[in-house]
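Chain by chain, the residues:
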Amino acid sequence: MEKERKSMNSSLLSEMSRRSFVKLLTAGGAAAMLHGGLLTPKAFAGPAKTAGGCKAFHSACQRNCYDTCAMLSYVDDGVLKYVEGDKQSTFTNGGLCVKGYSYPRRVYSPDRIKYPMKQIGRGTGNWKRISWEEAIDSICDKILSIKKEDGHLLGLALDKNSGSEGITNCAVIQGLFTGLGYTTRFEGSNCWPAGYDAQYFDFGDMVCNDPEDLANAGYIILWGVNPAWTSIHTMKFIYAAKERGAKVVCIDPVLTQTAAKCDEYLAPKMGTDGALALGMARHILDLGLADRGWVADNALGFPEFEQYLREKVTVQWAAEETGIPAETIARIAEEFAKAKPATAWIGYGLQRHTNGGRAVRSIDALVAMTGNVGKKGGGARYGQEFTWDFEYWPKSKMSPPAGSIGFVNPAKQKPGEPTVYSNRSLNRNQAAREMRKADPKIRMLWVSCSNPMSQYPNRNEMEKMYRGLDMLVVVDQFFTQTAELADIVLPTTTQFEEWQVNVSYWHYWLAINEQCIEPLFEAKPNTVISALVSKRMNELSPGSCTYQQDLTPKECMIRNFNDTIHKLNGISSWEDLLKGPVKAKRNPVSWAEGKFKTPSGKYEFLSAKAAEYGHPALPEYHSRRPNHDKFVILTPHTKFGLHSQFINLDWMRDFNPEPCVYINPNSARSKNIVSGDMVRVYNKFGEVAVKAQVTDNVPEDTLLMYEAWFKNDKFNVQNVLDDAVADMGAYQFGGHRGPAIQEQFANVEKM
Amino acid sequence: MQESQHEAQTLASLRDFFIAQDGAELEAAVGRLPEDLKSAVPAVPDWDAAEFDFNRFFVGPRILAAPPYASVYLSPEPQVMGEAALEARRIYAALGLQSPFDARLPDDHLSLELDALRIMQGGLSHTPSEPLKELRDCFVHEHLNVWVPLFARRVRMVAPEHTIIRFMADAVERCVESVAESKGRF
């Protein structure tokens, strides 16, 4: 019938267009039918098909993902038809991941937030549609009333996170808030702070070799990373190395799909990665395989590290700590040291521990002492922000309105000197705790590019805090568990409906994102929303906001380019990117010159900076957090989602229809649980009801639940996660340590 | 002629109902129903509460219980701006008409389609036109009368708290079905 209908319509449409129905209506005296209706007359311009079929636009995936794919988006009739990876990027090479291919479903999901809406009673589900004007008025009225009542805006808080990594999104909302005055910001990172600091202590910066250079490695350790799920494009470079004879070892407590594709798989006990690295280092010392030449020329503190290893570390000790046989540790260590070049890719999971930063420093040390730093095919790879030197306009240029009162940091305020005001910064990894103790209290919260209720620990406490707000504004594309608690939700655009520019924290490509379709419904980009707020603030109270009042997303994107970006990428203008993505013009090997950014200018086994921040100067081992319940719970990324994004789409639900807890057969047996049983995972912080899947892929002491937000499902792993923080992160993240979300504990029982 | 006026009034009322932005507009749209239909309208004690229910079904921000877009029902998998939306756009264009919302509202929104049907019916009642009649029949039989019953069934299945929602969904199903059955009328 579909085919029949199309063909019939084609001839009929053609016939009608020749006759011009509006003329017919007028001639027949029925023109009144047009008045008061919705449809309006137009000059018939022929079928609205794009000449030559689909038109291709350059796009960039903006989710918080290693791969940050350069894409091509194909549009016909003003509709996004399909997307593919851009072959001009040798990283993407024409492919996308499952999530990337689902983008048209995301754009055209019936579930998108369509209009500004106001909830009558927080969490009641009673929503009224309002105009943008009414929404902005309500927001501005509230901001002004807080300012009037409190005399400052520290009661106004912003939680802008990494749900949309377009460069303007990294800048505009913070710019608006600075333009309003000194406010409260949720800061820090849920992702990588402990490992990030560790690399800063060791190298003085966090820069990795080009991931495409993995193909040159002779030995690869994938340490706590699962690229078969989380960075599929990097897998081809790992396979290329294997084809050239490299050995690939996966170290992970869970038998992941990556582990299944490797030559060897090691499963250390949870949180003992540092012990494993140090045990390997000791064995390399014992065999005389340390690269003493490289260390002598390029490193500081190796003698002290060697002394520590000889006094405190043995392979047998490492075996007892990790549960991996001593002979295996010794063999892997020897293989790694002898393979030239060898590299370790350090994932973000293993540093989400109370000893996570130290674990990363230990792995860095292992790579460095074998002379694999600064080598083609080598390196201790973690991530990079080398390509991120954009203007971050207008955030970078904003000042609060004259006379604004803000937070006074006692550590920075010198007696007798003029008061120095700043924003108040709270750690998002302890958001509930920080909100509870905040004085002055947080009265209004704006959430954008973020779903804290599905991402932050201690969710039950979070909800209590959110319910105590005067106003919660949520800007999103979908109705998340955070939006459920909002007073006002504002619909925002997908990347296909706005201009953006993107870089990765892993590879070195730069890609532009052209607007290729009109925004659906009443969605607006964050750039426009911010400008609307600023404009209305100034109408209501002149001079109350210094942010731009008239700004297009494209102008904003253009102003984020600068000479540094041009030079680095070999472009003269942003317009060069309309021809395709470009790769940074740099040595693909980081630290090849042996010049490090540490205080000594050398690789630092012994870091005074680490000691300054309260850590051992050496990468010493520290035992993990003691269990406070029967099982360790792991909550890593799922294959079909990115944090709480994508998994709500129907295409993903076809493959991954419901959340599960994965439990080892021996543990399941002891709890009388079989696959398919509904179970309760619980601890002193909360509980989740979830279906059990019994599998050998997880260790006996472990329960695994993938983090996600499922459509129409209350499941939320954050219910059973507390807000313990990692050892490191305070150095580079404004005093905010990273989360220890892979070091959590709970029990389970059949329901 | 009276029959066509009744039909036009019904279509206009239904159109205005399903695109209403608040309780007052819902109430006003129901108030424009022909008298015989209006007399059957269930009592609505609180139009604000009805508006919450209406938004739960058709507007958001939560996942819609019954999205009012043809594509959701006619596409192989539910989505908006599918082929059905483009088909509706082409039909409007062939009539010399267009949606005032451009691409911001999918062209196959129920209210736009009801408006198109109302205008086509009006034209045919004044001026017989064989191509228009064929197009109308095609639009009704192979488009509207395929998805609107599915839409109305979805509303009934999810069971709105306020009976006015179900009443109007049933009404739109009956109205489309009635036009389909009166194929030879104009």
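Everything here concerns the structure above.
Below or above, wherever it landed, is the structure these notes cover. Quantities reported herein were computed from a predicted structural model and do not represent experimental measurements.

1. Considerations on the overall build of chain A
- Summing up its helical and strand segments, chain A has 25 helices and 28 strands in all.
- Radius of gyration (C-alpha) of chain A: 28 Å, near the 27 Å computed for a compact globule of 751 residues.
- Dimensions along the principal axes, computed over C-alpha positions, put chain A at roughly 100 × 70 × 65 Å.
- Taking all 751 residues of chain A together, 64% fall into the buried category.
- When contacts within chain A are restricted to residue pairs at least 6 apart in sequence, long-range pairs at least 24 apart make up 75% of them.
- As presented, chain A carries roughly 26600 Å² of accessible surface, and 50% of it is formed by carbon and sulfur atoms.
- Here chain A contributes 87 positively and 84 negatively charged side chains, and the mean placements of these two sets differ by 3 Å.

2. Side note on the interface of chain A and chain B
- In this complex, chain A contributes 61 residues to the contact, which on the side of chain B involves 61 residues.
- Here chain A meets chain B over a buried area of about 5800 Å², counting both sides, of which 63% is carbon and sulfur.
- The largest share of the area that chain A buries against chain B comes from M33(A), L38(A) and L39(A), three residues that together contribute 14% of it.
- In this structure, the connection of chain A to chain B is made through four salt bridges.
- Its salt-bridge partner being K128(A), residue D48(B) comes within 3.0 Å of it at the nearest N-O pair.
- At the boundary of chain A with chain B, the tally comes to eleven residue pairs in polar contact (both at pLDDT 80 or more).
- Taken together, the elements giving at least two residues each to the side of chain A that touches chain B come down to α1 (2-19), α2 (21-27), β1 (40-41), β4 (79-85), β6 (127-129) and α24 (650-655) of chain A.
- A total of twelve residues in the side of chain A that touches chain B trace back to one element, the largest contributor, which is α1(A).
- Each residue belonging to the side of chain A that touches chain B can be placed in one class, and the counts come to 31 nonpolar, eleven polar and 19 charged.
- Note: β1(A) against strand β1 (residues 97-98) of chain B, two bridges, orientation antiparallel. Within the sheet, the bridge partner assigned to P41(A) lies in β1(B) and is L97(B).

3. Points about the nonpolar core
- The biggest cluster of nonpolar side chains holds 152 residues, and the ones touching the most others in it are Y466(A), V681(A), F17(B), F58(B), F151(B) and I164(B).
- With eleven residues, helix α9 (residues 163-181) of chain B is the largest single contributor of residues to this core.
- When residues no more than four places from it in sequence are discounted, the contact partners of I164(B) are F17(B), V30(B), V41(B), P42(B), V44(B), W47(B) and A50(B).
- Counting residues in each nonpolar core, the second largest holds 122 residues, with V207(A), A241(A), A368(A) and A610(A) among its members.

4. Considerations on the sheet that holds strand β19 (residues 500-503) of chain A
Residues and elements named next belong to chain A.
- Read across the open sheet, the three strands follow the order β19-β20-β21; overall the sheet is antiparallel. Of all strands in the sheet, those bounded by a partner on one side alone are β19 and β21 (582-583).
- Pairing between strand β20 (residues 509-513) and β21: two bridges, direction antiparallel. In the sheet register, W509 faces β21, and the bridge partner there is K583.

5. Notes on the packing of aromatic side chains
Residues and elements named next belong to chain A.
- Inspection of the entire model under this criterion finds 56 aromatic pairs over all chains.
- Residues F201 and Y613 carry aromatic rings whose centres are separated by 6.3 Å and whose planes lie at 45° to one another, so their mutual orientation is tilted. Placement of F201 in helix α7 (residues 193-203) and of Y613 in the loop between α23 (608-612) and β23 (631-634) is noted, with a sequence separation of 412 residues between them.
- Seen in terms of ring centroids, F302 and F305 are 6.3 Å apart; in terms of plane orientation they differ by 55°. Their pairing is tilted. With F302 and F305 both in helix α13 (residues 302-312), this residue pair falls three residues apart, about one helical turn.
- A relative accessible area of 4% means that F302 is categorised as buried.
- Overall, F305 belongs to the buried group, its relative accessible area being 0%.
- Over the ring of F521 we find K114, and its NZ or CZ is 5.5 Å from the ring centre.
- One cation-aromatic arrangement involves R129 over Y115; the distance from NZ or CZ to the ring centre is 3.5 Å.

6. With respect to the packing of helix α11 (residues 273-287) of chain A against α13(A)
Residue and element names in this part refer to chain A.
- Where α11 contacts α13, the two axes come as close as 10 Å, and the packing angle between them is 100°. Judged by the angle between their axes, α11 and α13 are roughly perpendicular. In this structure, α11 contributes L278, A281, R282, L285 and D286 to the contact, and α13 contributes F302, F305, E306, Y308, L309 and R310.
- In the contact of α11 with α13, the residues fall into seven nonpolar, no polar and four charged.

7. Considering the sheet that holds strand β2 (residues 55-60) of chain A
Residues and elements named next belong to chain A.
- On the basis of which strands lie adjacent, the open sheet formed by three strands has the order β2-β3-β4 and antiparallel pairing. Of all the strands in the sheet, just β2 and β4 have a single pairing partner and so form its edges. Between one strand axis and the next, the sheet turns through 30° on average, direction left out of account.
- Relative to β4, strand β3 (residues 70-76) runs antiparallel, the two being bridged by six bridges. Bridging from a neighbouring strand, L72 pairs with E84 of β4.

8. Some remarks on the environment of R625(A)
Residues and elements named next belong to chain A.
- Secondary-structure assignment places R625 in the loop between α23 and β23.
- Placed 32 residues apart in sequence, R625 and E593 show a C-alpha to C-alpha distance of 39 Å.
- Excluding its chain neighbours within four sequence positions, the residues that come into contact with R625 are T354, D722, A724, E743, Q744 and F745.

The rules behind each value
Residues numbered from 1 in each chain as written. Chains lettered and ligands numbered in written order. Predicted model: local features only at pLDDT ≥ 70, side-chain atom pairs only at ≥ 80, totals over all residues. Heavy atoms only, no water. Helix = DSSP H or I, 4+ residues; strand = E, 2+ residues; numbered from the N terminus. Rg over C-alpha atoms; globule rule 2.2 N^0.38 Å. Buried < 20%, exposed > 50% of the residue type's maximum accessible area, 1.4 Å probe, protein only. Contact = heavy atoms within 4.5 Å. Areas by Shrake-Rupley, 256 points an atom, 1.4 Å probe, with all protein chains shown as cover. Lys, Arg positive; Asp, Glu negative; His and termini not counted. Charge placed at Lys NZ, Arg CZ, Asp CG, Glu CD. Buried area = accessible area lost by both parts, 1.4 Å probe. Salt bridge = Lys/Arg side-chain N within 4 Å of Asp/Glu carboxyl O. Polar contact = N/O pair within 3.5 Å; in protein donor to acceptor, adjacent residues only side chain to side chain. Nonpolar A, V, L, I, M, F, W, Y, C, P; charged D, E, K, R; others polar. Pairing = 2+ DSSP bridges. Core = buried A, V, L, I, M, F, W, Y, C linked by side-chain atoms within 4.5 Å. Phe/Tyr/Trp six-rings, centres within 6.5 Å; stacked < 30°, edge-to-face > 60°. Lys NZ or Arg CZ within 6 Å of the ring centre and 35° of its normal. Axes fitted to C-alpha atoms, helices over the stretch in contact; angles between N-to-C directions. Parallel < 35°, antiparallel > 145°, perpendicular 65-115°, else oblique.

Honestly, that's just the spatial picture; any functional story needs more than this.
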